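Residue strings, one per chain:
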Amino acid sequence: MAAILGKKLGMAQIFTEEGDRVPVTVIEAGPCAVTQVKTEETDGYRAIQIGFGEVKERKLTKAEAGHLKKAGVSPRRHLIEVRGDAEAQPGDEITVEAFEAGQKIKVSGVSKGKGFAGVVKRHGFSGGPASHGSHFHRAPGSVGASAWPSRVFKGLKLPGHMGARKSTQLGLTVVGTDPEKNLLFVKGAVPGSKNEIVFIQGQ
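Residues numbered from 1 in each chain as written. Predicted model: local features only at pLDDT ≥ 70, side-chain atom pairs only at ≥ 80, totals over all residues. Heavy atoms only, no water.

Brief notes about the overall build of the protein
Condition: Put simply, DSSP H or I for four residues or longer makes a helix, DSSP E for two residues or longer makes a strand, and each gets a number counted from the N terminus. Note on method: radius of gyration uses C-alpha positions; expected globular size equals 2.2 Å times residues raised to 0.38. Whether a residue is buried, partly exposed or exposed follows from its accessible area with a 1.4 Å probe, protein chains only, as a fraction of its type maximum: under 20%, in between, or over 50%, in that order. Note on definitions: a residue-residue contact is assigned when non-hydrogen atoms from the two residues lie within 4.5 Å. Note on areas: Shrake-Rupley, 1.4 Å probe, and residue coverage restricted to the protein chains presented here. Charge convention: Lys and Arg are scored as positive, Asp and Glu as negative, and His as well as the terminal groups of each chain are ignored. For this purpose, a charge sits on NZ of Lys, CZ of Arg, CG of Asp or CD of Glu.
A count of helical and extended segments in the protein gives three helices and 12 strands. A compact globule built from 203 residues should have a C-alpha radius of gyration of about 17 Å, whereas the protein, at 23 Å, is more than 25% larger. Taking the principal axes of the C-alpha coordinates as reference, the protein spans close to 70 × 50 × 35 Å. Here the protein holds 203 residues, and the buried ones make up 33% of them. For the protein, the proportion of contacts with a sequence separation of at least 24, taken over those separated by at least 6, is 68%. Roughly 12,800 Å² of accessible area belongs to the protein as shown, and the carbon and sulfur atoms make up 50% of that amount. The centroid of the 29 positive side-chain charges in the protein is displaced by 16 Å from the centroid of its 20 negative side-chain charges.

Here it is, written out as structure tokens:
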């Protein structure tokens, strides 16, 4: 079970031996410490909890600090639980060496916030004519009915807050790793802005 937490650093490019240019997203992945191992006997399911990003103990609650101290792990800012079977013990370390070039992964993070957006930007509406005296350009158009039901149905595509929500990108490819610098090079778009915390998991 290959899974790790990391921080998105930005975009770069890598050249293959054939001379092809591959755009990649650079992620500072790990090292992550195993902070808890859950079993069917104690918790009813199998999972591991991993922690990323060392932080001063005074920035944690007493409960968080005690939980990490029990596992023998230094204070960590970000914790996440990964379901599945894993031969790991509290205190073990997970690095980018758990991934290899050519491996398919999925990456989860919080997408870039776009603020309040209209239907053209938010939902891809085509809009109306741009010229010839048209008074209908980027508005959503008619969304209700007259006599019945005299209201707007729930779930319609309307203007509103765009982005800034959890997003998962499937089918990304690991191009390479740099274990010395804890870097993971991923082909494709990774959710979130720079310095966003992302969760990488093998498919």
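Digging into the packing of aromatic side chains
The cut-off we apply is this: Any pair of Phe, Tyr and Trp rings, taking the six-membered ring for Trp, is counted once the centres come within 6.5 Å. Such a pair is stacked with planes under 30 degrees apart, edge-to-face with planes over 60 apart, and tilted for the rest. Counting as a charge over the ring demands two things of the Lys NZ or Arg CZ atom: a distance within 6 Å of the ring centre and an angle within 35 degrees of the ring normal.
Using the criterion set out here, one finds zero aromatic pairs in the structure. The ring of tyrosine 45 has arginine 83 lying over it, and the distance from NZ or CZ to the ring centre is 3.9 Å.

Digging into a positive patch on the surface
Cut-off, in case you're wondering: Exposure above 30% relative accessible area and the absence of a salt bridge qualify a residue for a patch, where like charges join within 9 Å and nonpolar side chains (Val, Leu, Ile, Met, Phe, Trp, Tyr) within 5 Å. Salt bridges are defined by distance alone: a side-chain nitrogen of Lys or Arg within 4 Å of a carboxyl oxygen of Asp or Glu.
Taken together, the side chains of Lys56, Arg58, Lys59 and Arg77 present a region of like positive charge at the surface. Tracing the backbone shows arginine 58 in the loop between strand 4 (47–54) and helix 2 (62–70).

Some details on the pattern of salt bridges
Considering all chains together, one arrives at three salt bridges under this definition. Arginine 76 is the salt-bridge partner of glutamate 54, the closest N and O atoms lying 3.7 Å from each other. You can see glutamate 54 sitting in strand 4 and its partner arginine 76 sitting in strand 5 (residues 76–83), a full 22 residues away along the chain. Given a relative accessible area of 9%, arginine 76 falls into the buried group.

A word on the confidence of the model for the protein
Rule in force here: Every residue carries a pLDDT, the predictor's confidence in it, which falls somewhere between 0 and 100.
Per-residue confidence for the protein gives a mean pLDDT of 91, with 100% of residues at or over 70. Here helix 1 (residues 40–43) stands out as the element of the protein with the lowest mean pLDDT, 88, in contrast to strand 8 (residues 115–117), whose mean of 97 is the highest.

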